[in-house]
Amino acid sequence: MDVSVASGLAGLVGFVTGALAVLAFRWSEREREAAVPSPPEDTLAALPPGAAAVLSVLRSSAVVLDDSDRVVKASAAAHSFGIVRGDRLVAEELLRIARQVRRDGEIRQEELELPRGPLGKEKLAVHARVAPLGSRFVLVLVEDHTEAKRVEAIRRDFVANVSHELKTPIGALSLLAEAVLGASDDPEAVRRFAGRMLDEAARLSSLVQEIIDLSRLQGDDPLRHASPVSIDDVVAEAVDRSRALAQAKSIELVSGGEEGLRVLGDENQLAMALGNLVENAVTYSPEHTRVAIGVRRVGDLVEISVTDQGIGIPETELQRIFERFYRVDKARSRSTGGTGLGLSIVKHVAANHGGEVSVWSVEGQGSTFTLRLPLVATSTAPAESTKTSAREATP
């Protein structure tokens, strides 16, 4: 065969192959486009001028429906919020309101609870506003109020709990005062009732102070005005705070671990949190036992553990002990002056410093509370320390 003819045939074959490849690519593109339906061009063109631009900058989840309930335009927030899938509005409550607006042209707004997803029972609290948009469309705006509702519920519960907790010592003081008046001719009874009044007054003062502390923690971000805090100083202050209580019960306080570690935050808050853990450990431990405070570095974190040989915590109660006013043994807590706020304060301090608090406990054997906080990055802090100190505070 002539060389020129062969060359021509090869070129023709290459051309046909390329053309077939282009056709196959365009066909696949059409298949993909058909798989995700999009509104007809004339439908999009019928939207009021500037509507698409406005939707793109709205903070609310915004959806435009046509007269067949098809989504012709939706903001990115609407997709991420999960109320739009494909070209359909998935929330039946929103569709119901949209159809009513389409019928009578009146603007409607409602507070709704929408399912968080196709599975589970969690709900989203939203404010929906639906209005006609031109003659063919309906605009749906949805604002997520879930977090605001949650905070409001927490506030209501907190106020209710505070009211209940304050009523107990105030009522006790009132009854004791009446008893003192009735026993004015019995010096021994007066002394006994007066002693109980002092106990109730001290408990009331402690409760009010812890409520104030918790309120300050919720409204303050320690990292905004943070400074390096020595963990050694925090541990020493926490031990000093419980020294007298430990001596009264012949409980040995022992601290040890790595020295020289620092975190970023507020020293007063951290000392209060660790002090609460140590005080709880001493309060709920029997006499002639030991409470140990250990410090160690784990990666970029410092772990401060408080271990006791006390009564322990039932496994069923471990998930709730950090709730406000929650007490495992209410009778024992009241007899020891507990307010039920100490561990809640520890949790808030840890969270405010970018850390966490956890608990391990076996009923009848004791408990270990561990406070984890991010370390200050320094070149002088050793990555691994084999040095431990036995800083003992024996009674």
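Report on the accompanying structure. (Residues numbered from 1 in each chain as written. Predicted model: local features only at pLDDT ≥ 70, side-chain atom pairs only at ≥ 80, totals over all residues. Heavy atoms only, no water.)

## With respect to the nonpolar core
- Residues Ile231, Val263, Leu274, Val278, Val302, Ile304 and Val306 are the most contacted members of the largest nonpolar core, which totals 39 residues.
- Of all the secondary structure elements, the ones that give two or more residues to this core are helix H8 (231-248), helix H9 (267-283), strand S11 (290-298), strand S12 (301-307), helix H11 (342-352) and strand S14 (366-374).
- In contact with valine 306, other than residues within four places in its own chain, are Leu274, Leu277, Val278, Ala281, Val291, Ala292, Ile293, Ser367, Thr368 and Phe369. (Core = buried A, V, L, I, M, F, W, Y, C linked by side-chain atoms within 4.5 Å. Buried < 20%, exposed > 50% of the residue type's maximum accessible area, 1.4 Å probe, protein only. Helix = DSSP H or I, 4+ residues; strand = E, 2+ residues; numbered from the N terminus. Contact = heavy atoms within 4.5 Å.)

## Brief notes about the side chain of threonine 370
- Tracing the sequence through the fold places threonine 370 in strand S14.
- A relative accessible area of 11% places threonine 370 in the buried class.
- Leaving out residues up to four positions away in the same chain, threonine 370 has contacts with Glu303, Ile304, Ser305, Glu356, Val357 and Ser358.

## Brief notes about H9
- Taking 1.5 Å per residue as the helical rise, H9 with its 17 residues ought to reach 24 Å, and the 24 Å between its terminal C-alpha atoms agrees with that figure.
- Among the 17 residues in H9, 13 count as buried, and that is most of the element.
- Between the side-chain oxygen at the start of H9 and the backbone nitrogen of asparagine 268 there is a gap of 3.0 Å, and the oxygen is on aspartate 266. (Expected span 1.5 Å × (residues − 1). Polar contact = N/O pair within 3.5 Å; in protein donor to acceptor, adjacent residues only side chain to side chain.)

## Some remarks on the sheet that holds strand S7 (residues 137-144)
- Spatial strand order, S2-S1-S7-S6-S5: five strands in an open sheet with antiparallel pairing. Looking at which strands have only one partner, the edges of the open sheet turn out to be strand S2 (71-74) and strand S5 (108-115). Recorded for the sheet is a direction-independent mean angle of 25° between the axes of neighbouring strands.
- When S5 meets strand S6 (residues 123-133), the two strands line up antiparallel, connected through eight bridges. In the strand pairing of S6, glutamate 111 is matched with histidine 127. (Pairing = 2+ DSSP bridges. Axes fitted to C-alpha atoms, helices over the stretch in contact; angles between N-to-C directions.)

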